[in-house]
Amino acid sequence: NAIDAEPLHLQSPVASTSTAPSPASASKQRKRVLVDSPPPLTIGSEYTNRAIEQLQLSIKKAISESSLRSAEEEARRLEIEALHKRLDTLELTRIRGDDEEVKTLLEKVLEEEKQKQQKKVVLEVKPLDSEMEAYYKELMYSPGRSGGEVLSQLKNLRFCVKDMLSLGPGKWLTDENINFYMGLLNKRAQRMIKEGSGPRCYFTNTFFYNKLYKGTHKYNYSGVKNWTKPVKIGVSTVECDKIIVPIHQQVHWCCAVVDISRQELTYFDSMAGADEMVLESLAKWIQDEFLHKAGKEVDASGWKRIYNPRGQTPQQENGYDCGVFAVKFAEYSGLDAQMDFSQDDMPLFRKQMVVQL
């Protein structure tokens, strides 16, 4: 119920605890260096543990930055190509002497620029109050509960004890965590649409992109075309301002946003990565979606591609918080809010999710 009444942003630093390392298994565990994995196994000392985790992050970020540069270059090429196409259209219209059409095209350009310049909403940050803190402890630390015990339900989604425990410190988020959260965000988005406040948004589930492309590595609109029927999701995608898509990259969570109102596609990755295929697949999808749902041709080939916008893509500093970052990218994008959270806020975001889900 909290999500119906208040935006989902409650933050404050929370101290973490660590267990003593096990020297006996040091040499064996030293071989297990994973990128974007759960907390590294204890291998001798807290100092060594931190050093290895930092090395993991450095390797991951080096790879990500390389892919990001490539993606940004391709995005710039597409943007320039789209600008040339628009300029050619304006020039041909002017030569034909169609002043009314020139005026319409220019007004469209000005409106798009106005949309891009709109200021972001700044969300107020609040810590959990004493009542919610007590409720969190009661939920997380009550003994004797079965992992399959259902704590809450939203349509066909269930949030069980085992899902709640995976929101504990240092744990990876699961599909169940993220899908339930997207369900709550959709519930709030539909209320905001009725009220006429904020961007009109729809949040897909975590299986959407896998079905569209990732599972077969082949674009497959027919696999998802019935997933977004208004009668199923309670909103028309072609009337939305934004479609927000959680992306699962094997052992890493990201988020993509199809901004229809601004004609932009944005990729958020808390490890600074860039997957061009995600945005290209979603560009094709929105074209097919408009054609199938509205009988309207939309050309998204020239829409701006943005990878990890500067100052708007907080970065993680460990190997297990990517899922929390991804849901916050989704939530803040849905509110058109300034992404001013950071790694320091993750412990309380996890607490917040337990209470709200």
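All of these numbers come straight from a predicted model, not from anything done at the bench.

1. Thoughts on the pairing of strand S7 (residues 304-307)
In terms of strand pairing, strand S6 (residues 264-268) meets S7 through four bridges, oriented parallel. Within the sheet, the bridge partner assigned to Glu264 lies in S7 and is Lys304. Handedness of the β-α-β unit built from S6, helix H10 (residues 276-294) and S7 comes out right-handed.

2. A few points about the environment of Met132
Within the secondary structure layout, Met132 lies in helix H5 (residues 130-141). Take Met132: its relative accessible area is 26%, and that puts it in the partly exposed class. Sequence separation of Met132 and Lys351 is 219 residues, and the distance between their C-alpha atoms is 9.3 Å.

3. Quick word on the confidence of the model for the chain
Here the chain averages 80 in pLDDT, while 70% of its residues score no lower than 70. No element of the chain has a lower mean pLDDT than helix H2 (residues 26-30), at 39, and none a higher one than strand S3 (residues 201-203), at 98. Here residues 1-7 is a poorly scored stretch, pLDDT under 50, and it has twelve contacts once near neighbours within four places are set aside; other chains count. Considering only residues more than four positions removed or in separate chains, one finds that residues 9-43, a stretch of pLDDT under 50, has 71 contacts.

4. Quick look at the packing of aromatic side chains
Applying the stated criterion across every chain, the model contains twelve aromatic pairs. On the basis of an interplanar angle of 50 degrees and a centroid distance of 6.1 Å, the ring pair of Phe325 and Phe341 is categorised as tilted. Here Phe325, found in helix H11 (residues 322-334), pairs with Phe341, found in the loop between H11 and helix H12 (346-356); they are 16 residues apart in sequence, far enough to count as distant. Residue Phe325 is classed as buried on the basis of its relative accessible area, which comes to 0%. The exposure class of Phe341 is buried, given its relative accessible area of 3%. Their ring planes at 45 degrees and their centres at 5.9 Å tell us that Phe329 and Phe341 sit as a pair that is tilted. With Phe329 in helix H11 and Phe341 in the loop between H11 and H12, this residue pair connects regions lying twelve residues apart in the sequence. Clustering of aromatic rings is evident, with ring pairs tying together Phe268, Phe325, Phe329, Tyr332, Phe341 and Phe349. Just above the ring of Tyr219 sits the side chain of Lys284; from NZ or CZ to the centre is 5.6 Å. Seen from the ring of Phe349, Lys328 lies directly overhead, with NZ or CZ sitting 4.3 Å from the centre.

Definitions and limits used
Residue numbers here run from 1 along each chain, matching the order of that chain's written sequence. Given that the model is predicted, a residue must reach a pLDDT of at least 70 before its local features are reported, and side-chain atom pairs must reach 80 or more before they are shown or counted; all residues, however, enter totals for whole chains, interfaces and linings. Note that the side-chain values use all heavy atoms of the structure and ignore hydrogens as well as water. Here, strands pair whenever DSSP counts at least two bridges between them. Under the DSSP-based scheme used, a helix requires at least four consecutive residues in state H or I and a strand at least two consecutive residues in state E, with every element numbered from the N terminus. Throughout, right-handed denotes a crossover for which the path from the first strand over the helix to the second runs clockwise when the strands point away from the viewer. Residue exposure (1.4 Å probe, protein chains only): buried if accessible area is under 20% of the type maximum, exposed if over 50%, otherwise partly exposed. For every residue, the predictor states its confidence as a pLDDT score lying anywhere from 0 to 100. Contacts were defined at the residue level, with two residues in contact if any of their heavy atoms lie within 4.5 Å. Pairing of aromatic side chains requires ring centres within 6.5 Å, counting the rings of Phe and Tyr and the six-membered ring of Trp. Pairs whose planes differ by under 30 degrees are stacked, by over 60 edge-to-face, and all others tilted. Two conditions define a charge located above a ring, namely a distance within 6 Å from the ring centre to NZ of Lys or CZ of Arg, and an angle within 35 degrees of the ring normal.

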